[in-house]
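If you want the building blocks of each chain, they are given just below.
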Amino acid sequence: MKNQFTQSERRILSRILFNVSAWHLVAFLVFEFVLIIGTYYYVQNRTMSYAYQAVREEWEQKLHGMVETANASTPSFRNAKVDIEPEPVATWIFSKEGFPLSEDLTLIGVTGNIAPLMEVYARAYTPHTFTQWSTTTLNKQPLLIGTRDIGKAGAFLVSAYSLSEIVHTLHALVAVDFTLALASLLIILPITYGLATHSLKPIRLAMLRQRHFVNDAAHELRTPMTLLRGILELEKESNDPEAMRTAIEEGLREVDYLSRIIGDLSTLARVGSNQPTLKFEPLELGKLVDEVVYALSVFAEENHVSVLVDAGEEAWTLYSDRVQLRQLLTILIENAIKYSRHDGRVKIRIGRKRNDLFIDVMDDGIGIPKEDLPRVFDRFYRSKGAEQHAIGSGIGLSIAAWIVSLLKGTIAVSSIEGKGTTFHVTLPWRSIRRGFHST
């Protein structure tokens, strides 16, 4: 398909492909960034809550001993109780004057003496009735510090908890997240390119359809223009009034054909763009069919085809758009007449099946080959038999399919080559109202 595009079209498609791929990639990177940051803060909050809980549990276990130690001390007390065993939470008790009453010198996960750090917090302590939390470092090792009073004689305590394991865990988590993000990026790049390429398929098809439309339209217009020019050139020097009359009649037929093609092309140009404003009103379908049949009666006589309408005894009133529905009926009935046999017959049947109203347009003409049936509603498509039997542009049925879609109905075709064709139009029950009569 790529070779079917011009260089400028390929540049446009490449630019669109790049933009779509870039937007997909940016969206993925934003998602990964939000996921990594969100995961980091979630894990941090959960692990820090464990640290806070560990300090609180330490305080609950030592609370009674802390109170007794504080009450037994005096401002002149200098000999603190020292514990050199490694503790998961190192707790220091200070008197009101800031003298240490109990010391835990070793903290698990931290190297070095923590006494200078605890004394710094003791000197900076101000009385408060709630727990104060802060984070600091000792020898480049992160610590969680909690301070609170113990409600007796103005004594207070300072506890330290090592955050090394938490920080290592968070760093490992970030490393894993970035590794996974990089691996995902390597995987997502071809997927993004594939999705972008797939999303361009409708654009490529639209470009091809536009080109085919222009080419086919030019071809359809060129043929009658060539014939018209030939007729005029042949009769330019002629002095025979009868020959000139014949040439004028042939020229007028070609002009009429050109007018119809231009009208059909104008209709096709609206297909896929803004839908026309539909004016729904009660229409007696049988009368509308009779109007179309009467309008095409001269055409039917010229082709020696009889047209029969079987609407039953019941009058159906359909809520629909008169202009669009009349054009739909005209296309289907005219096609049936055009491709019927000499002295053939076209039958139009109207009825209801369950909650649907249907319109069948049947002819006993040349039929459509089985392999051509899937393409009968394609623009400008005509089977070989149709091209040999009658002049046409191949636009009408594509317009008919578009009109049916506007009216929220369905259209189908069945045919037996050499025996005839039936077009079956179904309109949904929402469009049907009984007991109304158009005024």
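Calculation notes
Residues numbered from 1 in each chain as written. Predicted model: local features only at pLDDT ≥ 70, side-chain atom pairs only at ≥ 80, totals over all residues. Heavy atoms only, no water. UniProt positions renumbered as here; feature names shortened; annotations may be inferred. Core = buried A, V, L, I, M, F, W, Y, C linked by side-chain atoms within 4.5 Å. Buried < 20%, exposed > 50% of the residue type's maximum accessible area, 1.4 Å probe, protein only. Helix = DSSP H or I, 4+ residues; strand = E, 2+ residues; numbered from the N terminus. Contact = heavy atoms within 4.5 Å. Patch = residues over 30% accessible without salt bridge, like charges linked within 9 Å, V, L, I, M, F, W, Y side chains within 5 Å. Areas by Shrake-Rupley, 256 points an atom, 1.4 Å probe, with all protein chains shown as cover. Salt bridge = Lys/Arg side-chain N within 4 Å of Asp/Glu carboxyl O. Pairing = 2+ DSSP bridges. Axes fitted to C-alpha atoms, helices over the stretch in contact; angles between N-to-C directions. pLDDT = per-residue confidence, 0-100.

As annotated in an unreviewed UniProt entry, the protein chain carries the name histidine kinase and is attributed to Ferroacidibacillus organovorans. We quote the UniProt Catalytic activity (unreviewed entry) comment for the protein chain here in full: "ATP + protein L-histidine = ADP + protein N-phospho-L-histidine." Annotation of the protein chain in UniProt includes, under Subcellular location (unreviewed entry), the sentence "Cell membrane".

1. Looking at the nonpolar core
Grouped burial of nonpolar side chains is what soluble globular proteins tend to show. Core analysis: the largest hydrophobic core is formed by 42 residues, its most contacted members being Leu 285, Leu 325, Leu 328, Leu 329, Leu 332, Ile 333 and Val 425. Listing elements by their share of this core, those giving two or more residues are helix H6 (285-295), helix H8 (322-338), strand E10 (345-353), strand E11 (356-363), helix H10 (396-406), strand E12 (410-416) and strand E13 (420-427). In terms of residue count, the dominant contributor to this core is H8 (8 residues). Not counting residues within four places of it along the chain, the set of residues in contact with Leu 332 comprises Val 361, Leu 397, Ala 400, Ile 411, Phe 423 and Val 425. Core analysis: the second largest hydrophobic core is formed by 18 residues, Ala 90, Ala 115, Leu 117 and Tyr 125 among them.

2. Overview of unusual backbone geometry
The phi dihedral of Asn 139 is positive, around 55°, even though this residue is not glycine. Among the secondary structure elements, Asn 139 is positioned in the loop between strand E4 (132-138) and strand E5 (141-149). The class for Asn 139 is exposed, based on a relative accessible area of 52%. With phi around 60°, Lys 408 is a residue other than glycine that occupies positive phi space.

3. Re a nonpolar patch on the surface
There is a patch of nonpolar side chains on the surface, built from Trp 23, Val 26, Val 30, Phe 33, Val 34, Ile 37 and Tyr 41 and spanning about 750 Å² of accessible area. Relative to the elements of secondary structure, Trp 23 occurs in helix H1 (residues 7-72). Among the residues examined, Trp 23 registers a relative accessible area of 63% and is labelled exposed.

4. Regarding the sheet that holds E4
Strands sit in the order E1-E3-E2-E6-E5-E4 across an open sheet of 6 strands; the sheet is mixed. Two strands lie at the open edges of the sheet, namely strand E1 (81-83) and E4, each paired on one side alone. The average undirected angle you get between the axes of adjacent strands in this sheet is 20°.

5. Notes on the pattern of salt bridges
The full count for this structure, using the stated rule, is 4 salt bridges. A salt bridge links Arg 326 to Glu 291; its shortest N-O distance comes to 3.1 Å. Taken together, the positions of Arg 326 in helix H8 and Glu 291 in helix H6 put the pair 35 residues apart, joining distant regions of the chain. What makes Arg 326 partly exposed here is its relative accessible area of 30%. Since its relative accessible area comes to 32%, Glu 291 is described here as partly exposed. Close ionic contact of Asp 360 with Arg 349 constitutes a salt bridge, the shortest N to O distance being 2.9 Å. In this pair, Asp 360 sits in strand E11 while Arg 349 sits in strand E10, placing the two residues 11 residues apart along the sequence. Among the residues examined, Asp 360 registers a relative accessible area of 4% and is labelled buried. Judged by relative accessible area, Arg 349 falls into the partly exposed class, the value being 34%. One continuous salt-bridge network, built from bridges that share partners, spans Glu 291, Arg 322 and Arg 326.

6. Details of the UniProt feature "transmembrane region" (unreviewed entry) in the protein chain
Listed under "transmembrane region" (unreviewed entry) in the UniProt record, and renumbered for this structure, are residues 21-43 and 172-196. In residues 21-43, helix accounts for 100% and strand for 0%; the two terminal C-alpha atoms are 33 Å from one another. Structurally, residues 172-196 comprises 100% helix and 0% strand, and the distance from its first C-alpha atom to its last is 35 Å.

7. Examining the pairing of E5
With 7 of 9 residues buried, E5 lies mostly within the body of the structure. Count of turn residues in the E4/E5 antiparallel hairpin: 2 residues, of which Asn 139 carries a positive phi of about 55°. Relative to strand E6 (residues 156-162), E5 runs antiparallel, the two being bridged by 7 bridges. From the neighbouring strand, Leu 144 faces E6, where its bridge partner is Tyr 161.

8. With respect to the confidence of the model for the protein chain
Regions with low pLDDT should not have their predicted coordinates read in detail. When pLDDT is averaged along the protein chain, the result is 79; 81% of the residues meet or exceed 70. Here residues 74-78 scores under 50 on pLDDT; set against residues more than four positions off or in separate chains, the count is 5 contacts. Considering only residues more than four positions removed or in separate chains, one finds that residues 431-439, a stretch of pLDDT under 50, has 22 contacts.

9. So, the side chain of Ser 95
Relative to the helices and strands, Ser 95 resides in the loop between strand E2 (89-94) and strand E3 (100-104). Looking at Ser 95, the relative accessible area reads 5%, which means it is buried. Beyond its immediate chain neighbours, meaning those up to four positions away, Ser 95 contacts Leu 101, Gly 154, Ala 155 and Phe 156.

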